[in-house]
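The residues making up each chain are set out below.
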Amino acid sequence: MTRIDDVARLAGVSTATVSRALRGLPTVSAATRRRVLAAAEQLDYTISPSASRLAGGRTGTVAVVVPRITRWFFGTVVEAVEEVLHSAGYDLLLYNLGGQAQARQRVLRTANLHKRADGVLLVATPLRSADLTALTTLDLPGVIVSSGTVVPGWPAVRIDDVAAARTATGHLLDLGHRRIAHLSGDPEDELAFTTHIDRRRGYQEALRAAGVQPDPRLDVESQFTIDGGNQATVELLRRGDPPTAIFAACDEMAMGAIAALREAGLRVPQDVSVIGIDDHDLSVVLGLSTVAQPAAEQGQLAARIVLDPLVGDAGAGRPASSVILPTRLVVRDSTAPPRAH
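This structure is a prediction, so every number in the text was calculated from the model and none was measured. (Residues numbered from 1 in each chain as written. Predicted model: local features only at pLDDT ≥ 70, side-chain atom pairs only at ≥ 80, totals over all residues. Heavy atoms only, no water.)

Our focus in this paragraph is the nonpolar core. Counting 36 residues, the largest nonpolar core has Ile180, Leu183, Ile246, Phe247, Met253 and Val274 as its most contacted members. Those elements that place two or more of their residues in this core are helix H8 (161–174), strand S6 (180–184), helix H9 (195–209), helix H10 (226–238), strand S8 (245–248), helix H11 (251–263) and strand S9 (273–278). Core analysis: the next-biggest nonpolar cluster, separate from the first, contains 28 residues, Leu85, Ala124, Ala302 and Val306 among them. (Core = buried A, V, L, I, M, F, W, Y, C linked by side-chain atoms within 4.5 Å. Buried < 20%, exposed > 50% of the residue type's maximum accessible area, 1.4 Å probe, protein only. Helix = DSSP H or I, 4+ residues; strand = E, 2+ residues; numbered from the N terminus.)

Right, let's talk about a nonpolar patch on the surface for a bit. A contiguous nonpolar patch, built from Leu282, Val284, Val285 and Leu286 and spanning about 370 Å² of accessible area, is present on the exposed surface. Note that Val284 resides in helix H12 (residues 283–286). Looking at Val284, the relative accessible area reads 56%, which means it is exposed. (Patch = residues over 30% accessible without salt bridge, like charges linked within 9 Å, V, L, I, M, F, W, Y side chains within 5 Å. Areas by Shrake-Rupley, 256 points an atom, 1.4 Å probe, with all protein chains shown as cover. Salt bridge = Lys/Arg side-chain N within 4 Å of Asp/Glu carboxyl O.)

Along the chain, Ala264 turns up in the loop between H11 and S9. The class for Ala264 is partly exposed, based on a relative accessible area of 46%. Separated by 30 residues in sequence, Ala264 and Val234 place their C-alpha atoms 8.4 Å apart.

If you walk through the whole model with that rule in mind, you get 15 salt bridges. In this structure, Arg339 and Asp271 form a salt bridge, with 3.4 Å as the shortest nitrogen-oxygen distance. Taken together, the positions of Arg339 in the segment after strand S12 (328–330) and Asp271 in the loop between H11 and S9 put the pair 68 residues apart, joining distant regions of the chain.

With that settled, the discussion passes to the sheet that holds strand S4 (residues 142–145). Across the sheet, 6 strands lie side by side as S2-S1-S3-S4-S5-S11; this open sheet has parallel pairing. Every interior strand has two partners, whereas the edge strands, strand S2 (91–96) and strand S11 (322–325), have only one. Direction aside, the axes of adjacent strands within the sheet are offset by 20 degrees on average. Taken together, the 2 bridges between S4 and strand S5 (residues 156–159) define a ladder with parallel strand orientation. Within S5, the residue paired with Ile144 across the bridge is Ala156. Of the strands in this sheet, strand S1 (61–66), S2, strand S3 (119–123) and S4 touch helix H5 (residues 72–87), which is tilted by about 160 degrees from S2. (Pairing = 2+ DSSP bridges. Axes fitted to C-alpha atoms, helices over the stretch in contact; angles between N-to-C directions. Contact = heavy atoms within 4.5 Å.)

On to the sheet that holds S9, then. Spatially, S7-S6-S8-S9-S10-S12 is the arrangement adopted by the 6 strands of the open sheet, whose pairing is mixed. Taken across any chain shown, the strands that pair with only one partner, and hence form the sheet edges, are strand S7 (219–221) and S12. Averaged over all adjacent pairs, the angle separating strand axes in this sheet is 20 degrees, with direction ignored. Here 3 bridges tie S8 to S9, and the two strands are oriented parallel to one another. If you follow Ala245 over to S9, its bridge partner there is Ser273.

Attention now goes to the packing of H5 against helix H13 (residues 295–311). Two elements in contact, H5 and H13, have axes separated by 7 Å at closest approach and are oriented at 45 degrees. Overall, the two elements H5 and H13 adopt an arrangement that is oblique. Regarding H5 and H13, the two cross each other, and that crossing is right-handed. Facing Trp72, Phe73, Thr76, Val77, Ala80, Val81, Glu83, Val84 and Leu85 of H5, the residues of H13 in contact are Ala295, Ala296, Gln298, Gly299, Gln300, Ala303, Arg304 and Leu307. (Parallel < 35°, antiparallel > 145°, perpendicular 65-115°, else oblique. Left-handed = near helix turned anticlockwise from the far one by under 90°.)

The next subject is the pairing of S9. Looking down a regular strand, the side chains alternate between one sheet face and the other. The element S9 is extensively covered by neighbouring structure, given that 6 of its 6 residues are classed as buried. Side chains Ser273, Ile275 and Ile277 of S9 all project onto a buried face; the interleaved residues Val274, Gly276 and Asp278 project onto the opposite face, where all are buried too. After leaving S8, the chain enters H11 and then returns to the sheet as S9, a path that is right-handed. By the bridge criterion, 4 bridges tie S9 to strand S10 (residues 289–292) in an arrangement that is parallel. Paired with Gly276 across the two strands is Thr290, which belongs to S10. (Right-handed = clockwise from strand over helix to strand, strands pointing away.)

This part covers the pairing of S1. Of all 6 residues that make up S1, 6 are buried, and the element is covered over most of its length. The two faces of S1 match: Thr61, Ala63 and Val65 on one face and Val62, Val64 and Val66 on the other face are all buried. As paired elements, S1 and S2 share 6 bridges and run parallel to each other. Looking at the pairing, Thr61 lines up with Asp91 of S2. In terms of handedness, the path from S1 via H5 over to S2 forms a crossover that is right-handed. When S1 meets S3, the two strands line up parallel, connected through 4 bridges. When the bridges of S3 are listed, Val65 appears paired with Leu122.

Written as C-alpha cells, this is what we have:
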C-alpha cells in the first residue's frame, strides 16, 4: 500500500508538505503543489484524513465559539469556516453561547474543549481573565475573529472598525449632513464585544475632523438587531429635533431604524438618510447604503490559520498578531443630501 512517505520521497519534499499540498492549504508554492499532485497521481495515493488523525491522537475537529449564531455576521463566518474545514477533512464543533454569559464559562472553563477539539476559533467572544487562563491551559492552536480580545499566541482576523465607522460617517458628512445620529451597541450586554466601542470612536473622530461636536443626545445604545435599531430610533425621535442622518453600527440596526422612521411618517432618504456597516444579504433588497466588510473572507482566513499547525509544520504561515481585511463604501438609495429648509 502506498504511504504518504512514498509520495514525499518521489516529490522530494517532507510528509508535512505533502499533507498540506493535498489538502489545498496555504504556504505551499504552486510549483511544489503540482509536483506533489503529480507524485500522488503516479502512485495512486489518496490522503486519508481519519487515518492521519488517529495516528496523531487527534479528534479531527475544530471548535468554533460564537455569542449568537442567529446574527448575520456570526452565521456567515461560521458557514465560511465550515467550508474550509470540510475541504481539509476536519469537522466543526459549534458552541453557540446564545447570548448567555454563563454559557461561556461552561464552554471555556469546565474542560468542555479538552480532547474534543484540535483547535479553537473564537468569533467576537469577549473573555475574562479566567477564560484566558482556561484557553492557555488547553494548549491548542487558536484564532480570533472580529474582537478586541487578545489571547497570547493567538492571531486575529478582523476589520478596522474605527476606520469603517469613519467611512460611514464621512459619507454622510460629504453629502452635507451635520446633525448625524449614531445607533450603538448595548454596553450592558455581558457578551458585548468591542466593536460598538470602536465604531463609536470612528463616528466621533469623523465628526470632529469636520468641525462638528458630537452630541450625546444623538447617540443611542441598543442591541445589534433589527428590533434594537427600531427601539433606538423610536427613542431618538422621542427626544425631539430629529437628525437629518443616522449612522447605525450594523446593517441590522439600520434596517430597524428605517422601519421606525417610516412608521413615524419620515421618508428615507428624503427626510433622514441611513447608513450601516456589514453589507448584510438583505441590504441590497432594502437599498441600504453601507460599509461592506468581508465576513466570509474573515471566516475562511481564520480557518486556514487555525489549520496550519494541524496539517503541517507548526506555526507555518501563521501571522504574528492581527490580519486586518479591507472594507469598502457601498452607496445605495438610503442616503442623500439633506433637504434644504
